[in-house]
Amino acid sequence: IQMDSAWPNAVQTLFERFGQNPDKYATLLEVLRMLPEENLNYRLMTDTAKRASSRERLQQTAPQVVQFLLTLQCPSMHAKKKVLECFLSWIKFTNLQ
């Protein structure tokens, strides 16, 4: 939230940096899980405009995130759990039906 316009394409940058190498998926999943959770956390001090802007940017990237999560191959139960946690975070954030 605090980065807002300073990092307008955060999700795309994360995919470019961590999404090409399966060894880095755990890091990517952790960050992707936290992004919508932080936007919904009203205990984080930020102004309404930044929160709204961040929310809009994240909503625009939601289809890309969901597609990534749906295509991941999970070699273990731990990996499946991480994917499901991330997916749940985005479902809560976007109210996917």
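A brief look at the structure comes next. Just so you know, these numbers come straight off a predicted model, no measurement behind them.

### Here's the deal with the packing of helix α1 (residues 10-18) against helix α2 (residues 25-40)
Here α1 crosses α2 at 170°, and the two axes come no closer than 10 Å. For the element pair α1 / α2, the angle class is roughly antiparallel. Residues Val-11, Leu-14, Phe-15 and Phe-18 of α1 form the contact with α2, whose participating residues are Tyr-25, Thr-27, Leu-28, Val-31, Leu-32 and Leu-35. Of the residues contributing to the contact of α1 with α2, the split by class is nine nonpolar, one polar and no charged.

### Here we look at the nonpolar core
Ranked by size, the top nonpolar core spans 17 residues in total, and within it Leu-32, Phe-68, Leu-69 and Trp-90 carry the most contacts. Looking at this core, the elements that each hand over two or more residues are α1, α2, α3 (48-71) and α4 (77-94). For this core, the element with the most residues is α3, which contributes five residues. Contact partners of Leu-69, with chain neighbours within four places excluded, come to Leu-29, Val-83, Cys-86 and Phe-87.

Rules and cut-offs
- Per-chain numbering applies: the sequence of each chain, read as written, is numbered from 1 onward.
- Local features in this predicted model are restricted to residues whose pLDDT is 70 or higher, and side-chain atom pairs enter the listing and the counts only when it is 80 or higher, whereas totals over whole chains, interfaces and linings include all residues.
- Only heavy atoms go into the side-chain values, all of them from the structure, while hydrogens and water stay out.
- Working convention: axes come from line fits to C-alpha atoms, limited for helices to the stretch in contact. Angles between N-to-C directions cover 0 to 180 degrees.
- Runs of H or I in DSSP of at least four residues are treated as helices and runs of E of at least two as strands, each being numbered from the N terminus.
- Between 65 and 115 degrees an angle is taken as roughly perpendicular, under 35 as roughly parallel, over 145 as roughly antiparallel, and anywhere else as oblique.
- For this analysis, residues touch if any pair of their heavy atoms sits within 4.5 Å.
- Classes in brief: Ala, Val, Leu, Ile, Met, Phe, Trp, Tyr, Cys and Pro nonpolar; Asp, Glu, Lys and Arg charged; the others, Gly included, polar.
- As used here, the term nonpolar core means buried Ala, Val, Leu, Ile, Met, Phe, Trp, Tyr and Cys residues forming a set that is joined through side-chain atoms within 4.5 Å.
- Think of it in three bands: residues with accessible area under 20% of the maximum for their type are buried, residues over 50% are exposed, and the middle band is partly exposed, with areas taken using a 1.4 Å probe on protein chains only.

Purely geometric numbers; function is a separate question.
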